Every structure is written in structure tokens, then in C-alpha cells.
Amino acid sequence: MSESTGEQIIKSNCRGCHGGCGVLVHVRDGVIFKIEGDPDFPTNHGSMCSKGLAFHQLVYHPDRVKYPLKRAGKRGEGRWQRISWDEALDTIVNRLKQVIETYGPESIALGQGTSREGESFFARFGNLLGTPNIFTAGHFCYLSRVGASLVTCGNLPISDYDNDPKCVMVWGNNILWVNADEYTGENLSRVMAKGIKLIVIDPRLTYLSSRADIWLQLRPGTDAALAFGMAHVIIDEELYDSEFVEKYVHGWDEFVERVREYPLDKVEEITWVPAEKIREAARLFAQTKPATIQWGVAIEQTINCIDADRLLIDLVAITGNLDIPGGSVFFQPPKGRTISQFTYHREFPPEQRAKYLAGDAHKLCQMIGLLPEKYVWDAILTSKPYPIKAIMIQASNPVITRPNAKEVYKALSEVEFLSVADFFLTPTADLADIFLPAATWLEADYTGGFFFRHGYLFPRRKIVQIGECKSDFEIWNELGRRMGQKGWGSNVEADLDFILEPGGVTWAQVRDKPYLRGEVVYRKHEKKGFSTPTGKFELYCSTFEKWGYDPLPKYLEIPESPVSKPEMTKEYPYILITGPRSPVFFHSEHRMIPWLRECHPDPIVEMHPQAAEKHGIDEGDWVYIESPRGRIKQRANISPGIDPRVVCIQHGWWFPEQKDPGHGWDQSSSNILTDNDPDTYDISMGASNLRALMCKIYPVTEEEA
Ligand SMILES: Nc1nc2c(c(=O)[nH]1)N[C@H]1C(S)=C(S)[C@@H](COP(=O)(O)OP(=O)(O)OC[C@H]3O[C@@H](n4cnc5c(=O)[nH]c(N)nc54)[C@H](O)[C@@H]3O)O[C@H]1N2
Ligand SMILES: Nc1nc2c(c(=O)[nH]1)N[C@H]1C(S)=C(S)[C@@H](COP(=O)(O)OP(=O)(O)OC[C@H]3O[C@@H](n4cnc5c(=O)[nH]c(N)nc54)[C@H](O)[C@@H]3O)O[C@H]1N2
Ligand code: SF4
Ligand SMILES: [Mo]
């Protein structure tokens, strides 16, 4: 604290997205006025993104809801009444108890979006409640990677930028913009500046594709086939690590046989990538050591989700890059209770587990305690196999972020009871019966677990209190105790102590530390093998075999594509990609933040000049994009960096400045166009095809614009 100015600089770590950047929070007279990067922090070295830099505009935003609300008018009408926390929490508890009494706890669903670190508290509440119906975005994002790694090699490998990889294969990931999933892009930039070999697999020209030694511009959704092509070259030319294969791999011969089904000419036909380029990339990756794959979510949002994930881990493993310095490493977090220990996941009663809404389907998703949300919508709308009567949503905006948005909106409009915890009245929160005002990361104590598989915990302490907002951790702790659930601490600090206990430390002892890190040890398999049923790296997955799934990966044609549905091309000639991230927004968030919206006022659809010319579209024009599910509009960005047969739209759009209830949820949101038919899901995980569907485009007339 400076005595002359009354200013204070507090070290923390940002969680304006998933989190991971060390920051210096500047506070004057109890008010945060600036946030900047902390040069001493190990994951971002002082760098930050625009969302973090603008975060104080979110904290103090005039539209932020600072008190609990209950619905005053009809659902979705936008009339609210301020209530006390006691009334809000007791209303929820009474409604849940009524549902449990009449229908059982399985008729309550809990929903979250992408990780906000609250998921362990959230899952703990759900497990103690006794509902198997918990949904997040994990079945098509990141947890699919975690699940695929669990059954293949026991843990998720992370790229080891601290030890200078010499080759990085960036696969469906725009890491410099997204800082996602245990990574900040700054680390890739740093090793790029040292002169690494860079291979990029992306259907679009991005900054990274433009800097790549080899850019493979594939047909969207065909990643698994492309990975097979690379495996083919690596096996054919004996570029694999024969010692690793001999000692540590399960199912080599079967894998080789499967790979033989994908010769390069066939892979070229599927992926649109010339065979010679695939060969060149495979050689470069296999022959430059150490190498790592920096992967993203694009490959997971299709029917091939888990097999694409498995194939990428396989490529890392068979080239000898697993758990070596500069390769893809199994980092060990500091000692503490794991999520499943904290959430009682393993003790969840089998008779309740058996009521999982998806039945026998999606066993990998079920193993990690999640449900594809479509089953919840169906149970609301049809009462089959039994009704869902109440939903509690925390940190998610499913009306905008989940496929087949019209169905999501209908289901959430019809469910008997809906509570939502958020910062703002989003199109989802508009439908709630009770709204709980959540605290941001600057307003709560937490152990900060987003870089967990990177081996870190980032303690983060409360700096300000805004209105009556409460952290998600407090909300679940208080609701749990009011429900009479055994196991909650007397407050959040007691729960954090419980998480930290195996490491012999308390929250009070770690709260002012910048970070905790587990010991870094490489090549652990040489001593202990892999945590799989065979103790080996499973190219042939014994868990899948037990579950009745194909133990080997394969490529399935995308369910809605010019190949699987040639008759559709007459009406819907383009392949549609949805959801490349904007650096200034996080999914459906931040459209109300002045600094950020100024950078990016409108939704953008990207198309090739030939496509634009064909339809008479000019740069900046409003364009309709239509699929069999519906129609939206976005503004044209005409770019030669995309294939003429492909169109790409942004996701997450609604318009907080439109004050009508709904805030234009159906005008420009990509998920009006996407499909959520379970017959098209990835079989083991339940991922839907957000990244590859079909559409048509045409100009919006001047009057309509
Ligand atoms: N078409 C299409 N759809 C997609 C994608 C795509 O690529 N294409 N991507 C998908 C992916 S990968 C994901 S992960 C999902 C994300 O889906 P969501 O997680 O639903 O997306 P967000 O828009 O981030 O919604 C989070 C909401 O929680 C609020 N919030 C933020 N932090 C907190 C907090 O700490 N506590 C509480 N209580 N509220 C908070 C925000 O204000 C916001 O309204 O979207 C998916 N949707
Ligand atoms: N600023 C910002 N950061 C974010 C988010 C955000 O909304 N905004 N969201 C967060 C979340 S939850 C996630 S999951 C991550 C996602 O971050 P990423 O994993 O980077 O995902 P995207 O930016 O959606 O897509 C990355 C690249 O994949 C390409 N792509 C599209 N389809 C395909 C395909 O079929 N195959 C291949 N190989 N590439 C394809 C796109 O052209 C794009 O350049 O970002 C996180 N970080
Ligand atoms: S990348 Fe995420 S954690 Fe880092 S500054 Fe931006 S919003 Fe904050
Ligand atoms: Mo995600």
C-alpha cells in the first residue's frame, strides 16, 4: 500500500477466461482500476489478453446483477423482484425437496458450461443430492481429451514448453488467441521465436498457419483420417520409436493393421490434403525431437471426437515423445484431494447411477460423471424415460452455447423450476425462476485449479466485494448445508482445507503464495508403466473392448457432409465450421464490455472470394446463413484463406444492448444452425458435430439489414 496515493497492488491470477495468467491488481480506495500482467508468473511471464485487461469493466458494469432475484412476471418476460439470499436459497431448497419427494433426485439436473473451477463444488452437490444427471460442456470439449487419455495412457499429456520442444504440431487450435486448456499462447510464441519447426492443421489461414513450415488445410471434421495418414507414413518408413513400441505399447500389431486401411491416396481423398504434404508433415514430426502436439477443441466437436483424440496421443507416443523433456508430459499436481475424492464421485450409489438419462450410451462420458445435455432437454419435453422437473445452471449460457438452440430454449422455458447463477441476465438467465448473483474471481478465495494437469495450483484471494454477490463455492456450500448434505465444511475455507489436507497445508498457509507446483519427473513409465488395465500405452483400448466399443480408432464420415449426404448439396452447398474464437470474447460473454465490443462490434462469417462473388456479397455485408435447423445473420469477412467450399461462422452471439427479453438470442447465434441428434454423436463421449455441418448463404436485403 502506498501511503501517499492510497494505492495498493495485489498479486493474483486472472480467470477472465479459464484462467492461468498471473496478474497485478491495482486498487485505489477499495476500487480496482487496473489489471496488468505479472512478469514473475511462470505461465504467462507478464503477458495478458484483452479480456483480462478489461476485466474491471465487467466487475463494475452497470448491468451486473448484484442481488438475488425472483421472477415477478411470466417466464422470460423480464420482470424481476429483488429478494434476500435467505429467501433465494430457501426457495431453491424447498423446490428441490419437493421434486425429490415426488420424483426422486434424478429428476433434478445440474448444468455448467466450460470450466470455471466451480465444477468440483457443483459435482459434489449433485453427487450428494443423488442425481446422475450433471452436464457441462466437457463431452465436446477438453474432458473428452482427458477421457481419451485416461483410457489410453492413464492421464492427459501436456506440452512441455519449459524444455524447448523442437517441433510443435498445432492441431485445430488457435492457442495464441485462446490460451486454453492448461496453456497460454505466450509459451508457444516464445519457442517459435527460438526457431522451432511448426506444423499447423487448420482449414483456415490463421496467424499460426501463416508462420508454419507446413500448413495442412484439411476438410473440416476429417482430422482422424489425416492422423491415420501420418501414422501410415510413420509406420511405413519405420520412423517410430521401436524401443518404446516394444516395451510399452499394447496392441501394436492390431493398430498397424488398422492403419493399413488408410493409405495416403485414400486419406487425400477424404481430407483434401495432398498425399505428399501429409508425408512431409509426418516425417518432420517424427524426425524432429523433442516434438509435441498442441491440440484444440476443433477436433473434438464431431462424431470422431474420441478417436481423433486417441490418434493424436498415439502419434505422440509412437514417435517417443511421451513424458520426455520438451515433449508431451504427465505433470503431477501438488498433493491434494482429487476432484473425484472431493465430489464423492466414486461413492455415488450404483442404483442412482443406473438412472443416468442416457442409459447405456456414452460410457466414457458417464465414467467421468457427465451427461450430454440433449438427454435433459428430451426428459423435460417428453417426460421420458422420466421427467426432469428442476435445473440448476451455474456459469453457463446454454441457450446460446448448446447445439439446436431452439430446442434448448423450449426445454428451459418449459422446465418447472430453473435457477441460474451468473453475473448478468443472459438469454438463459432470462428464463430463470431464481437468479443468483455470482462473484467473479476478484471477489472470492479459491485454490485455483485450472492448470492442475500442468502441475500447478494458483491460490487466489478475495480482493473486493460487489453488492451481495457470492462465489459459486459459497453458493454450493450453503445450498448443500441447507439441504442437509453431510460432508460440507462450515464454510468455503473449511472445504479448501479439506482439498489441501493430503499435502499437509491449509488455505491460510497457501493463500498468499503465487502458486504451488508438484514435482516434475519425466519418463515415469520406465519405473511404473502406465495407469491402464494392461499397464501399457494402449493403442488397442482394453476399456473400450470391455464396453463393447471398437478398441481401435477409426474415421467415420461426418454425418452431415457432401460425402454422407450428397443430395443435400443442392440446397446446402457449403461445409460450415462454427466457433473459431474471437480474442476479445469468451463464448457468449463480454458483448457488454465497452473496450471489448469496440474491438469487435458484430458477428463475422468468413467466406472465400469465389463464394462471395457467386452470391453478390461484399465485405462487411450482412449475410444469411441457413441450415435445415434455422437461419441467422452475420457480417461478411471475405478471405482467400478459406477453401471456396467452406464457410465459417462465429459462435456465442447475443445482443445485451437489445433490452427486450431474449436479447436477440435467435438472430446471430451459431447454434440455431447446429444439430443435436444423438444418432450423430461420438459413440463413447456423446460429442455433437458443431464443427462440420452444411449450409447455404445469401445476402440480407437492405431493408432486412
Ligand atoms: N456452435 C458452437 N457452439 C459452441 C462451441 C463452438 O465451437 N461452436 N464451443 C463450445 C464450447 S468448447 C464450450 S466450452 C461451450 C461454453 O459454453 P458456456 O460455458 O455456456 O459459455 P459462456 O458463454 O462462457 O457462458 C458462461 C456464462 O457464465 C457466466 N460466468 C462466467 N464466469 C462465471 C463464474 O465464475 N460463475 C458464474 N456463476 N457464472 C459465470 C458468464 O457470464 C456466462 O453467461 O460453448 C460451446 N458452444
Ligand atoms: N478468447 C477466447 N478464448 C477462449 C474461448 C473463447 O471463447 N474466447 N473459449 C475457450 C474454450 S472453452 C475453448 S474449448 C478453447 C478453444 O480454442 P481452440 O481449441 O483454439 O478452438 P477454436 O478457436 O475454436 O479453433 C481453433 C482452430 O481450429 C480450426 N478448425 C475448425 N474446424 C476444424 C477442423 O475440423 N479440424 C481442424 N484441425 N481445425 C479446425 C479453426 O479454423 C481455428 O483456427 O478456447 C478457450 N479460450
Ligand atoms: S488469457 Fe484468460 S487468464 Fe489470461 S488475461 Fe486473458 S482472460 Fe485472463
Ligand atoms: Mo470449450
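Conventions we followed
- Residues numbered from 1 in each chain as written.
- Chains lettered and ligands numbered in written order.
- Predicted model: local features only at pLDDT ≥ 70, side-chain atom pairs only at ≥ 80, totals over all residues.
- Heavy atoms only, no water.
- 1 Å grid on protein atoms, 1.4 Å probe; cavity = no way out; pocket = protein on both sides within 12 Å on 5 of 7 lines; lining within 4 Å.
- Points joined across faces, edges and corners; volume = space filled by probe spheres on them.
- Helix = DSSP H or I, 4+ residues; strand = E, 2+ residues; numbered from the N terminus.
- Nonpolar A, V, L, I, M, F, W, Y, C, P; charged D, E, K, R; others polar.
- Near = heavy atom within 4 Å.
- Polar contact = N/O pair within 3.5 Å; in protein donor to acceptor, adjacent residues only side chain to side chain.
- Areas by Shrake-Rupley, 256 points an atom, 1.4 Å probe, with all protein chains shown as cover.
- Sits in = over half its atoms within 2 Å of the grid points.
- Domains from an automatic or database assignment.
- Pairing = 2+ DSSP bridges.
- Core = buried A, V, L, I, M, F, W, Y, C linked by side-chain atoms within 4.5 Å.
- Buried < 20%, exposed > 50% of the residue type's maximum accessible area, 1.4 Å probe, protein only.
- Contact = heavy atoms within 4.5 Å.
- Salt bridge = Lys/Arg side-chain N within 4 Å of Asp/Glu carboxyl O.
- Axes fitted to C-alpha atoms, helices over the stretch in contact; angles between N-to-C directions.
- Left-handed = near helix turned anticlockwise from the far one by under 90°.

**Overview of the layout of surface pockets**
Quantified by volume, the second largest pocket comes out at close to 930 Å³. In terms of lining residues, the second largest pocket is bounded by 48 residues, among which Asn174, Arg204, Gly579, Pro580 and Arg581 are the most central. Those elements that place two or more of their residues in the lining of the second largest pocket are helix H6 (175–178), strand E22 (604–607) and strand E25 (646–649). Tallied by class, the residues present in the lining of the second largest pocket amount to 22 nonpolar, 17 polar and nine charged.

**A closer look at the site of ligand 2**
Looking at ligand 2, there are 33 residues lining it, with Asn174, Asp202, Asp223, Phe585 and His587 nearest. Gly221 is positioned such that a nitrogen or oxygen atom in its backbone is 2.8 Å from an oxygen atom of ligand 2. Measuring from an oxygen atom of ligand 2, one finds a backbone N or O atom of Val297 at 2.8 Å. Computed on the free molecule, ligand 2 has an accessible area of 910 Å², of which 99% lies beneath the protein chains in the complex. In a pocket analysis with a 2 Å cut-off to the grid points, ligand 2 is assigned to the second largest pocket. The two domains that each donate at least three residues to the shell around ligand 2 are domain 3 (155–331 + 523–547) and domain 4 (566–699).

**Focus on the pairing of strand E1 (residues 7–14)**
Relative to strand E2 (residues 21–28), E1 runs antiparallel, the two sharing eight bridges. In the strand pairing of E2, Cys14 is matched with Cys21. In this antiparallel pair of consecutive strands, E1 and E2, the connection spans six residues, and Gly19 shows a positive phi of 115°.

**Re the nonpolar core**
Core analysis: the biggest nonpolar cluster contains 217 residues, and Trp171, Met230, Leu315 and Ile391 have the highest contact counts within it. Setting aside chain neighbours within four positions, we find Ile391 in contact with Ala109, Phe135, Val376, Trp377, Ile380, Leu412, Val415, Phe417, Leu418 and Ser419.

**Examining unusual backbone geometry**
Geometrically, the link from Lys289 to Pro290 is a cis peptide bond, its omega value of -10° lying close to zero. The topology assignment puts Pro290 in the loop between helix H13 (275–287) and strand E13 (291–295). Between Lys384 and the following residue, Pro385, the backbone shows a cis peptide bond with an omega angle of -5°. Among the secondary structure elements, Pro385 is positioned in the loop between helix H18 (374–382) and strand E15 (390–394). Not every positive phi belongs to a glycine, and Tyr142 is a case in point at roughly 65°.

**So, empty space enclosed by the protein**
Rolled over the atoms, a probe sized like a water molecule indicates the empty space that remains. In the structure shown here, the tally under the stated rule is five cavities of 30 Å³ or more. Approximately 610 Å³ is the volume found for the largest cavity. Around the largest cavity, the lining comprises 45 residues; the ones closest to its centre are Thr114, Arg116, Ala395, Ser396 and Glu589. For the lining of the largest cavity, the per-class residue count stands at 18 nonpolar, 17 polar and 10 charged. Here the lining of the largest cavity gathers at least three residues from each of two domains, domain 2 (69–143 + 335–517) and domain 4 (566–699).

**A few points about the pattern of salt bridges**
Following the criterion strictly, the structure yields 50 salt bridges and no others. The salt bridge involving Arg28 is made with Glu7; its shortest N-O contact spans 2.9 Å. Separated by 21 residues along the polypeptide, Arg28 in strand E2 and Glu7 in strand E1 bring together distant segments of the chain. In this structure, Arg402 and Glu373 form a salt bridge, with 3.5 Å as the shortest nitrogen-oxygen distance. Within this pair, whereas Arg402 is found in the loop between helix H19 (398–401) and helix H20 (405–414), its partner Glu373 is found in the loop between helix H17 (363–367) and H18, the two being separated by 29 residues in sequence. Overall, the relative accessible area of 1% leaves Arg402 in the buried class. Each of Arg258, Glu261, Asp307, Arg310, Asp550 and Lys554 takes part in salt bridges that share partners, so that together they form one network.

**Observations regarding helix H7 (residues 185–193)**
Among the residues making up H7, those that are buried are Gly185, Glu186, Asn187, Leu188, Val191 and Met192. Positive backbone phi, at 95°, marks Gly195, one or two positions downstream of H7.

**Examining the site of ligand 3**
Taken together, Cys14, Gly16, Cys17, Gly19, Gly20, Cys21, Met48, Cys49, Lys51, Gly52 and Asn179 form the complete shell of residues around ligand 3. Looking at the shell around ligand 3 residue by residue, the class counts come to five nonpolar, five polar and one charged.

**Section: the packing of helix H9 (residues 223–236) against helix H11 (residues 252–260)**
At their nearest, the axes of H9 and H11 sit 9 Å apart, and the two run at 115° to each other. Read as a crossing pair, H9 and H11 show a hand that is left-handed. The residues of H11 that touch H9, namely those facing Phe228, Ala231, His232, Ile235 and Asp236, are Trp252, Phe255, Val256, Arg258, Val259 and Arg260. Taken together, the residues of the contact of H9 with H11 sort by class into seven nonpolar, one polar and three charged.

**A short note on the domain arrangement of the chain**
Split by domain assignment, the chain resolves into domain 1 (7–59), domain 2 (69–143 + 335–517), domain 3 (155–331 + 523–547) and domain 4 (566–699). Between domain 1 and domain 4, the contact holds 10 residues from the first and nine residues from the second. Linking domain 1 with domain 4 are zero salt bridges. Counting across the domain 1 and domain 4 interface gives two residue pairs in polar contact (both at pLDDT 80 or more). Residue assignment for the side of domain 1 that touches domain 4 shows that the elements contributing at least two residues are helix H1 (50–53) and helix H2 (55–59). In the side of domain 1 that touches domain 4, the residues fall into four nonpolar, five polar and one charged.

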